[in-house]
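Chain and residue survey
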Amino acid sequence: MERAIITVFALVAGCVAAPDLGSGDFLCAQEPKVCPEGRICVGDRCVLPGGADASVGPDGAPPSRFRRPLVASSDSSASDIPVLVILNPDRINYSESQPDGRDVFFLDSTGTRLAHEIERWQPGGESLVWVRLPALQDGATVYLHYGGDDVSENSAAVWQDFDLVYHFDGDAADSSPRGYSGTLEGAASAGGRLGGGLEFDGVDDLVRTPVNADLFRGAAGASISCWINRSPTVGSAFVEIANSTGDSSRAFLTQISAGRLRFGVRPTDEQAVVTSNDAEPITDGQWQWILGTADLSAKRLDLYVDGQLVDSVLDPTLPATTVDQPSAFAILGHDDINLNNPFDGLLDEIRISSRARNADWAAVQYAAMTDSLFAFGAEELVP
Ligand SMILES: [Ca+2]
Ligand SMILES: [Ca+2]
């Protein structure tokens, strides 16, 4: 510790008090090293004096110059929630952050780093960042930091309890730690609900995921979610996962007739499904978020639309776990290995998880993805 103090004092001594260089330039001016008033030069960066060693910021992150508080509006008791933070020029000073956003990180109110993944970074436009919140309670504040050195993203930590996460920002790359990236077969990049999405032609377009994937394998919980914007067709499928090429042992999120959704896990030939009723508000040409979730410990399946529970099945005869087999195939945009019932429309943000989700989780997730979870406070200099 004593050595660190000596080092910092030596660097401070090398900097020269300078007139205001303007808000866009916080690199030290070279030879002699100068910084705007009130900042010190550490390495080649002008930073606020931050204690004994200004080169180390909170929780191992490099020091950042700016932060903004994000105050959650929810009183939910949901936990383990990846939330979307949407940034734009009103919410971040892009000129003070690095061009690819690599200096952006998030802290909770105790100063603990929160894992994040940048889905899309568009200086001057809309950027999408996913942040994992271990818990969320009324008034919870998350701090967005920027204006410093490089910070690592950690998508595997953000999506640690997911088996597959596709943002569809130009491809079918898997953000989950499993690495089950898919292959586009005809499905074309298009505008999605959150950044990019995929367009399916209702004929032969699909996305194929790797075979022998551990999707729902031997789990007591199972969830599939996606954003859909469908064309007016019937019988089209979104997500189909099977552990064999026969009819048994599969999981799916699909629609069985106009406007009616069906989510199911089928460990054996016995159906374990929940189907939405005729009044289900799925509409053509409109983005809606669908979540099917199974809690096989509680013998329950639930179907959510836009964060609201629309149908449930409680059945004591449901099996204890999903099948203990890797997938023989998993296909997005068709319903089985024979490629029946092609989907016509747009899909975005498809996720598969071996966990059951509850109503609080669904509501917070929907609020975050529709940009209604956080209120953004004003930019502050990091104290
Ligand atoms: Ca997307
Ligand atoms: Ca095609």
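Residues numbered from 1 in each chain as written. Chains lettered and ligands numbered in written order. Predicted model: local features only at pLDDT ≥ 70, side-chain atom pairs only at ≥ 80, totals over all residues.

A word on the overall build of the protein
The cut-off we apply is this: The numbering of helices and of strands both runs from the N terminus, where a helix is a DSSP run of H or I of at least 4 residues and a strand a run of E of at least 2. Exposed residues have 12 or fewer other C-beta atoms within 10 Å of their own C-beta, buried residues have 20 or more, and partly exposed residues fall in between, where C-beta atoms are placed from the backbone. Here the contact rule is simple: place C-beta atoms from the backbone, and any two residues whose C-beta atoms are within 7 Å are in contact.
Looking only at helices and strands, the protein has three helices and 28 strands in total. Buried residues in the protein amount to 44% of all 383 residues. Here the analysis covers contacts within the protein between residues at least 6 apart in sequence; of these, 66% occur between residues at least 24 apart.

Re the sheet that holds strand S10 (residues 127-135)
Put simply, the rule is: Think of it this way: DSSP has to see at least two bridges between two strands before they count as a pair. Every axis corresponds to a line fitted to the C-alpha atoms, with the helix fit spanning only the stretch in contact, and the corresponding angles, defined between N-to-C directions, vary from 0 to 180 degrees.
An order of S6-S10-S9 is seen for the three strands of this open sheet, with the pairing classed as antiparallel. Only two strands of the sheet have a single partner each, and these edge strands are strand S6 (79-87) and strand S9 (116-120). With strand direction ignored, the average angle separating the axes of adjacent strands in the sheet is 25 degrees. Inspection of the sheet shows S9 paired to S10 by four bridges, in the antiparallel sense. In the sheet register, His116 faces S10, and the bridge partner there is Val131.

Some points on helix H3 (residues 359-369)
It helps to recall that an α-helix has 3.6 residues per turn; residues three or four apart then point in one direction. Within the sequence span of H3, burial applies to Trp361, Ala362, Val364, Gln365, Ala368 and Met369. Buried residues along H3 sit in contact with S6, strand S22 (288-295) and strand S23 (300-305). Among the residues trailing H3, Asp371 stands out with phi positive, at a value near 65 degrees.

Description of the confidence of the model for the protein
Basically, it comes down to this: Predictor confidence is given residue by residue as pLDDT, running from a minimum of 0 to a maximum of 100.
Taken as a whole, the protein shows an average pLDDT of 81; of its residues, 77% reach a score of 70 or greater. Residue range residues 1-25 is modelled with pLDDT below 50. Its contacts to residues more than four positions away, or to other chains, number 32 contacts.

Comments concerning the nonpolar core
One broad trend across soluble globular proteins is that nonpolar side chains are buried collectively. Here is the rule: We call a set of buried Ala, Val, Leu, Ile, Met, Phe, Trp, Tyr and Cys residues a nonpolar core when their C-beta atoms link them within 7 Å. Those domain boundaries reflect an automatic or database domain assignment.
Among the nonpolar cores identified, the biggest contains 91 residues, and Val85, Cys226, Phe238, Val239 and Leu347 are the most heavily contacted of them. Structurally, this core is a two-domain feature, drawing no fewer than three residues from each of domain 2 (65-158) and domain 3 (164-354). Residues contacting Val85, with those up to four places away along its chain left out, are Leu70, Val129, Val131, Leu144 and Phe374.

Comments concerning the environment of Ile352
Turning to its location among the elements, Ile352 is positioned in strand S26 (residues 344-353). Through-space distance from the C-alpha of Ile352 to that of Val239 is 9.4 Å; in sequence the pair is 113 residues apart.

Notes on unusual backbone geometry
Within the chain, Phe168 stands out as a residue other than glycine whose phi angle is a positive 60 degrees. Looking at the secondary structure, you find Phe168 in the loop between strand S12 (164-166) and strand S13 (183-185). The phi dihedral of Asp371 is positive, around 65 degrees, even though this residue is not glycine. On the secondary structure map, Asp371 appears in the loop between H3 and strand S27 (374-376). Asp371 sits in the partly exposed class, given 13 other C-beta atoms within 10 Å.

Focus on the pairing of strand S15 (residues 196-201)
One face of the sheet, then the other: side chains in a regular strand alternate in exactly this way. Bridge analysis of strand S14 (residues 188-191) against S15 gives four bridges, and the strand direction is antiparallel. Within S15, the position partnered with Gly191 by the bridge is Gly196. Linkage of S14 to S15, two consecutive antiparallel strands, is achieved through a turn of four residues, within which Gly195 is found at a positive phi near 65 degrees. In this sheet, S26 lies alongside S15 in antiparallel orientation, the contact comprising four bridges.

So, the environment of Gly197
Residue placement: Gly197 occurs in strand S15. Residues Gly197 and Ala172, 25 residues apart in the sequence, show an inter-C-alpha distance of 9.5 Å. Setting aside its immediate chain neighbours within four residues, Gly197 contacts Phe168, Ala190, Gly191, Gly192, Leu346, Leu347 and Asp348.

Some remarks on the sheet that holds strand S16 (residues 206-208)
The seven strands are arranged S13-S16-S25-S18-S19-S20-S21 in an open sheet whose pairing can be described as antiparallel. In this open sheet, the two edge strands, each paired with only one partner strand, are S13 and strand S21 (273-275). Taking each pair of neighbouring strands and ignoring which way they run, the sheet shows an average axis angle of 20 degrees. As paired strands, strand S18 (residues 237-242) and strand S25 (residues 329-332) are joined by four bridges and run antiparallel to one another. Within S25, the position partnered with Val239 by the bridge is Leu332.

Things to note about the environment of Thr317
Counting through the fold element by element, Thr317 comes out in the loop between strand S24 (308-314) and S25. Judged by C-beta crowding, with 7 C-beta atoms within 10 Å, Thr317 ranks as exposed. Distance in space between the C-alpha atoms of Thr317 and Lys299 is 7.5 Å, their sequence separation being 18 residues.

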